[in-house]
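# Topology and contacts: notes
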Amino acid sequence: MIYVTHDQKEAMTLSDKIAVMDKGIILQYASPIKINNKPNSKKVATFVGNGIVLEKEMSYM
């Protein structure tokens, strides 16, 4: 069954899998826990989170 909603709380509560979309493109398709804990992009993180994204610089020795 496919259920379409714009209510994030409802989607996180009722779903086994969620598709986060932007302009008709699926940005991430995963379980609510994975989307919340490991968003695959900054756009997904700011959409499902509280808007805080920490930038970090990687350095290799």
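One can find the structure itself at the top, above this paragraph.
Everything quoted here is computed from the prediction, not taken from an experiment.

## Describing the layout of surface pockets
- Each pocket or cavity is described by its volume, and for the largest pocket that value is around 760 Å³.
- Elements supplying a minimum of two residues to the lining of the largest pocket: α1 (8–14), β1 (18–22) and α3 (42–48).
- Considering every element that reaches the lining of the largest pocket, the biggest residue donor is α1, with five residues.
- Grouping the constituent residues of the lining of the largest pocket by class yields 14 nonpolar, four polar and four charged.

## Comments concerning the pattern of salt bridges
- Counted under the stated rule, the structure contains one salt bridge.
- Between lysine 43 and aspartate 22 there is a salt bridge, with the nearest N and O atoms lying 2.7 Å from each other. One end of the pair, lysine 43, is in helix α3; the other, aspartate 22, is in strand β1, with 21 residues separating them in the sequence.
- You can call lysine 43 partly exposed: its relative accessible area is 46%.

The rules we used
Residues numbered from 1 in each chain as written. Predicted model: local features only at pLDDT ≥ 70, side-chain atom pairs only at ≥ 80, totals over all residues. Heavy atoms only, no water. 1 Å grid on protein atoms, 1.4 Å probe; cavity = no way out; pocket = protein on both sides within 12 Å on 5 of 7 lines; lining within 4 Å. Points joined across faces, edges and corners; volume = space filled by probe spheres on them. Helix = DSSP H or I, 4+ residues; strand = E, 2+ residues; numbered from the N terminus. Nonpolar A, V, L, I, M, F, W, Y, C, P; charged D, E, K, R; others polar. Salt bridge = Lys/Arg side-chain N within 4 Å of Asp/Glu carboxyl O. Buried < 20%, exposed > 50% of the residue type's maximum accessible area, 1.4 Å probe, protein only.

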